[in-house]
Amino acid sequence: MHHAVEKILVSQEDIVRRCKELGKQISEDYRKCGETPYLVALLKGSIPFLAELSKHIDLDVCLDFMDVSSYEGTESIGDIKINKDLDGSVKGLSILLVEDIIDTGRTLKEVTTLLRNKGAKDVKVVSLLDKPTRRVVEIEADYVGFEIPNEFVIGFGLDFDQKFRNLPFVGILKREFYE
């Protein structure tokens, strides 16, 4: 186990297994409605999840990236900043927003509203992790990998001060790193 990790919450094996299940469900749902999912990944944390999940979606997909931020250290500040917008128009597209974690829900709420305002036909959300006890706005993902407790987590894309994203699992960060 990594020196910064107190406990592993979700193993690499569990992540791969769940991505296979999510990929199958997403494929079935989009095939039923006859839409091509336009995957919009939120940088930087969702990249490992996007890479694993997309291998298991048995459809042609399009993809783009947005870079939005709402965190300083360990706390969501509630102010959404768009650092990188989409490269193209989403007008008339069925968006599947790929997120690493839903915490307060503020970022996700703002981004889904923005995409709808840009003319997206539909906006669905897939998130690797969901922390519902921290929610301050009403929003839910359409697809969730794992529901987790209110702990500061790192790994598989999730960071603390831009470190630990490359861990192959999701673990609880030792308090000594942020207290």
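Report follows, based on the coordinates. (Residues numbered from 1 in each chain as written. Predicted model: local features only at pLDDT ≥ 70, side-chain atom pairs only at ≥ 80, totals over all residues. Heavy atoms only, no water.)

Moving on, we get to the packing of aromatic side chains. In the structure shown here, the tally under the stated rule is four aromatic pairs. Note on Phe 152 and Phe 160: the rings are 5.8 Å apart at their centroids and 90 degrees apart in plane angle, and the pair reads as edge-to-face. Residue classification places Phe 152 among the buried positions, given a relative accessible area of 14%. With relative accessibility at 8%, the residue Phe 160 sits in the buried group. When the ring of Phe 160 is compared with that of Tyr 178, the centres are 6.3 Å apart and the planes differ by 55 degrees; the resulting orientation is tilted. Taken as a pair, Phe 160 in the loop between strand E8 (153-154) and strand E9 (170-173) and Tyr 178 in the segment after E9 lie far apart in primary sequence, 18 residues in all. Here the aromatic cluster, defined as three or more aromatic residues joined through ring pairs, consists of Phe 152, Phe 160 and Tyr 178. (Phe/Tyr/Trp six-rings, centres within 6.5 Å; stacked < 30°, edge-to-face > 60°. Buried < 20%, exposed > 50% of the residue type's maximum accessible area, 1.4 Å probe, protein only. Helix = DSSP H or I, 4+ residues; strand = E, 2+ residues; numbered from the N terminus.)

Time to look at the sheet that holds strand E1 (residues 5-10). If you trace the three strands from one edge of the open sheet to the other, you get E1-E9-E8, paired in antiparallel fashion. Two strands in the sheet have a free side with no partner beyond their single neighbour: E1 and E8. One ladder, built from two bridges, connects E8 with E9; its direction is antiparallel. Across the sheet, Ile 154 pairs through a bridge with Gly 171, a residue of E9. (Pairing = 2+ DSSP bridges.)

Quick look at the environment of Cys 19 now. Secondary-structure assignment places Cys 19 in helix H1 (residues 12-33). On the basis of relative accessible area, Cys 19 is assigned to the buried category, the value being 0%. Taking C-alpha positions, Cys 19 is 9.8 Å from Ala 51, a pair spaced 32 residues apart along the chain. Those residues in contact with Cys 19, other than ones at most four positions away along the chain, are Phe 49, Glu 52, Leu 53 and His 56. (Contact = heavy atoms within 4.5 Å.)

By secondary structure assignment, the location of Arg 165 is in the loop between E8 and E9. At a separation of 3.2 Å, a polar atom in the side chain of Arg 165 contacts the side chain of Asp 159. Among all residues touching Arg 165, those that are not within four sequence positions of it are Lys 44, Gly 45, Gly 155, Phe 156, Gly 157, Leu 158 and Asp 159. (Polar contact = N/O pair within 3.5 Å; in protein donor to acceptor, adjacent residues only side chain to side chain.)

Moving on, we get to the packing of H1 against helix H2 (residues 47-54). The interhelical angle for the contact between H1 and H2, taken along N-to-C directions, is 60 degrees, at an axis separation of 8 Å. Handedness of the crossing formed by H1 with H2: right-handed. Listed contacts from H2 to Val 16, Cys 19, Leu 22, Gly 23 and Ile 26 of H1 are Phe 49, Glu 52 and Leu 53. (Axes fitted to C-alpha atoms, helices over the stretch in contact; angles between N-to-C directions. Left-handed = near helix turned anticlockwise from the far one by under 90°.)

Bringing H1 into the picture now. In this model, H1 (22 residues) spans 32 Å end to end at C-alpha, consistent with the 32 Å of a helix rising 1.5 Å per residue. What H1 keeps buried is the set Ile 15, Cys 19, Leu 22, Gly 23, Ile 26, Ser 27 and Tyr 30. An end-on view of H1 places all buried positions within 140 degrees of arc, on one side of the element. For H1, the exposed residues set more than 90 degrees away from the buried face come down to Glu 13, Lys 24 and Lys 32. Positive phi shows up at Gly 34, right after H1, with a value of about 70 degrees. (Expected span 1.5 Å × (residues − 1). Arc of directions from axis to C-beta.)

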